[in-house]
Amino acid sequence: MAEKTLNLEVTGLTCGSCVRRVETVLQALPGVADATVNLATARAELTLNADAEASDVASQAATALAEAGYPAATTEITLEVTGMTCGGCVSHVEKALNAVPGVVSAQVNLGLSNARVTSLTGATSRQALVTAVEDAGYGVGTSEAGPSAQDQERIGLRRQLMLAAAFTVPLVIVAMGRHLPGGQELYTQWLPERAWIAIEWLLATPVVFWAGRGFFQRGWKEMRHAAPAMSSLVMIGAGAAYFYSLLVLFVPGIFPPGTAGSYFEASGVIITLILLGRYLEQIARGRTSQAIRRLLRLQARTARVLRAGEAVEVNIDAVTAGDQVLVRPGERIPVDGNILEGQSRVDESMISGEPVPVAKQAGHEVVAGTVNGQGSLTFEATRVGGETVLAQIIDMVERAQSEKPPIQQMADRIAGVFVPIVLVVALATAAIWLTIGPDPVLSYAFVATVSVLLIACPCAMGLATPTAVMVATGKGAENGMLLRRGAALEALARADTMVLDKTGTLTVGRPQLTHLEVATGAEDEALGLIAAVESHSEHPLATAIVEAAQSRGLTIPKATDFDSVTGYGVEARVDGRYVHVGAAHYMEWLGVDTRSVQATAEALAADAMTTVYAAVDGQLLGVVAVADPPREESAAVIAGLKAMGLRVALVTGDQAATADALARRLGIDEVMAGVLPEGKAREVQRLQGEGQRVAFVGDGINDAPALARADVGIAIGTGTDVAIEAGDAVLMRADLNGLLDAVTLARRAHRTIQGNFVWAYGYNVLLIPVAAGVLFPLTGWLLNPMAAAAAMSLSSLFVLTNSLRLRRFQPSRHRQEVTDGRSNPLPARA
């Protein structure tokens, strides 16, 4: 017997001692007989014991190497899986993929019909994964250009449905017509009863074995692998009806009197109804992923690049960083870049959700997928291909849609054991009817058993979560709310405490002139004089004053003889007058009387604002206040969060007086001040220790430890100030209203998922006993297998329709027009 080996690629190797360390770690793993590491190729070869499972060793090796500081290189492969119909299928495919040597993890998404597999680089191949899926009874779509695997499956389903319907309609007319009043006499005038049953057989056979062949193929493989799922139930149910009727046709004498009835029409109608349900499911599931397709359509196929001074149209893949790209009015921007020439307004709504085009000029950033307005722009490409913001957004949304939240992981585990339980229930149903049922006992037992098999198909269970997550994450992306993980949706919905950073989150992030009270003269004249002096200072307060004067359109006079008095203030000559600007003790030292504005200054200081006095020629000119003001929407958003039942807290590194003043102004009850960045994570941990589920909101870079520690981290910011990698969720605009929308969307999605599960599980729990005949002793009523098949399909359609209601979500906020190109609401790479 050939020995089993496992190959993998190791990162971080730099010397012989590294090699020895890695070999020691690998040789200590259970099931590993020997391990050798090659420094030159950075590859490790593990020789396994005969009884060792390669998949288990691969997972343990990945964990051990990561802990040792030499993580194994991994590769992510996405497969389009066809033929999956329920949670049992998901569990079956995941089990098959995880059994492939070298696979670290596999996540299968029923809504997207795909599998996302992380494997050790070099330990396995795509073909090995494809073979595992096919051996499990499912198909894998190709990556070639053309219709996607989902589209191909939908086309195939439509073809099968049309053929099935073409035979099933006359089958029902032949079979059911004989049971109508006077029908038996009418039909037997033309042909005897056994001839009509033969016609039913001829009509049912192509439906069952051509249109329904996929159920039998997958069902047989599921049973062979001892992992029954939906196809197994359909195969047994429809197959039992068909072969029971076949025996009735050819050897009726083996049946007890009164039980030799034909169920060919049941087998045909069952297959046709389930195909109809699956076809409608495919259409609905396609709608859940429309957001991704819309984002993909934003990607330009060509770009106009300047080569030797001339604009040349090239394929988008030929654009490299540093190229100069020309975009004409109305064209889509092909790659990310910085504008070199031109002015225009760019529609960024399809990426950020911002409805108002953003003004752009030289020095501003543009991103791929947005649409240029009326002006022409020339920009330098900075990020191309998979590095563009749009590509990162698409990848993020796809990952969020593929990842399973905890509630879905639990559902898949339940679905994995549900079908075997149903098979046991079906056998028990048959045994009970055969033991105590009335005559014709065999007919009753048959109908009840087949109905149980069909009513219990767990399709709705498998679709309950992924469809809702897909719609919600896609809708969020359309409105500037990116979820990096599917689990973030559930975590945000369940959060009960919202902790917000102060600077740049609740506030605008930089000092601004907030108040100006003039003792003598006109306000604009006073501000011009103060700004003239401060224009020579590099202090942040001085910058805020100068920016305020410029924003008013004032002409700032020229200042001469500038001097700085350390610890006091600054002075200069402006238009022949001496102007002094500084603290209160500076005015006192100069002998300037400040009593006329003392009350105002004290009130501003109580609100944690920094006050600056100004005097001209020894007389008080006025007092200005500078602060990092709260965003316009902060107070309303805090009130909205509290109205949602959230506990709201403020955390900041600023002093307590400043933090308390801001908290009073915004209506925040809990303040954590003087906290360093690493301390913010400890505060989050403290709240979690009190039993709180914490959502942390920060700028995405400085608050990274707290964002990572929270149950859900939300990065908020603009442009290059926010990193996609920083939080579990990213609000792409510097607008706190996005928090309200994110929480609202998450809660609505979570309620939808819960409603889906209540329906899916409640439906099966309630109707399985009905199908088994629990109502028969009271009402004499027994569920028909055809009705059971129709009800099963309707259950899945209900779940899909319920999830699609999330597409109607609309953000409630209204924003002012963005006029500063630096307010670019799109994230960039960290």
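Here the structure is a predicted model, which is why all the values come from computation and not from measurement.

Regarding unusual backbone geometry
A negative phi angle characterises most non-glycine residues, just as the trans form characterises most peptide bonds. Following Asp-439, the chain continues into Pro-440 via a peptide bond in cis, with omega recorded as -10 degrees. Summarising the element assignment, Pro-440 is placed in the loop between α14 (406–436) and α15 (441–455). One non-glycine residue, Asp-575, lies in the positive phi region at around 50 degrees. Following the sequence through the fold, Asp-575 ends up in the loop between β21 (569–574) and β22 (577–582). Taking relative accessible area as the criterion, Asp-575 reaches 59% and is therefore assigned exposed.

A few points about the sheet that holds strand β20 (residues 559–565)
Across the sheet, which stays open at both edges, the six strands sit in the order β19-β24-β23-β22-β21-β20 with antiparallel pairing between neighbours. Of all the strands in the sheet, just β19 (512–518) and β20 have a single pairing partner and so form its edges. Between one strand and the next, the sheet's axes are offset by a mean angle of 20 degrees, whatever the strand orientation. Strands β19, β23 (610–616) and β24 (619–627) of the sheet are contacted by helix α20 (residues 540–551), whose axis makes an angle of about 105 degrees with β24.

Structural notes on the sheet that holds strand β3 (residues 43–48)
Read from one edge of the open sheet, three strands run β1-β3-β2, paired in antiparallel fashion. Either end of the sheet is taken by a strand with one partner, and the two such strands are β1 (4–9) and β2 (32–38). Strand-to-strand twist of the sheet, defined as the mean angle between neighbouring strand axes without regard to direction, takes the value 20 degrees. Alignment of β2 against β3, held across six bridges, turns out to be antiparallel. Paired with Asp-34 across the bridge in β3 is Thr-47. Where helix α2 (residues 54–68) meets the sheet, it contacts β1, β2 and β3, and its direction lies at approximately 35 degrees from that of β1.

Some words on the packing of α15 against helix α27 (residues 737–772)
In the contact formed by α15 and α27, the axes pass within 8 Å of each other and the chain directions differ by 165 degrees. Classified by the angle between their axes, α15 and α27 sit roughly antiparallel to one another. Crossing hand, α15 versus α27: right-handed. Residues Ala-448, Ser-451, Val-452 and Ile-455 of α15 touch α27, and the partners they reach there are Tyr-763, Asn-764, Leu-767, Ile-768, Ala-771 and Ala-772.

A short note on the confidence of the model for the chain
Should pLDDT be low for a region, the predicted coordinates there are not to be read in detail. Looking at the chain, pLDDT values average 81 and 89% of them are 70 or higher. Within the chain, the element-level pLDDT minimum falls on helix α12 (residues 349–352), averaging 64, and the maximum on strand β10 (residues 324–327), averaging 94. Across residues 719–724, confidence stays below pLDDT 50; counting only partners more than four residues off in sequence or on other chains, it has 27 contacts. Every residue in residues 814–830 is under pLDDT 50, and counting partners more than four places away or in other chains gives 59 contacts.

Conventions used here
Residues numbered from 1 in each chain as written. Predicted model: local features only at pLDDT ≥ 70, side-chain atom pairs only at ≥ 80, totals over all residues. Heavy atoms only, no water. Helix = DSSP H or I, 4+ residues; strand = E, 2+ residues; numbered from the N terminus. Buried < 20%, exposed > 50% of the residue type's maximum accessible area, 1.4 Å probe, protein only. Pairing = 2+ DSSP bridges. Axes fitted to C-alpha atoms, helices over the stretch in contact; angles between N-to-C directions. Contact = heavy atoms within 4.5 Å. Parallel < 35°, antiparallel > 145°, perpendicular 65-115°, else oblique. Left-handed = near helix turned anticlockwise from the far one by under 90°. pLDDT = per-residue confidence, 0-100.

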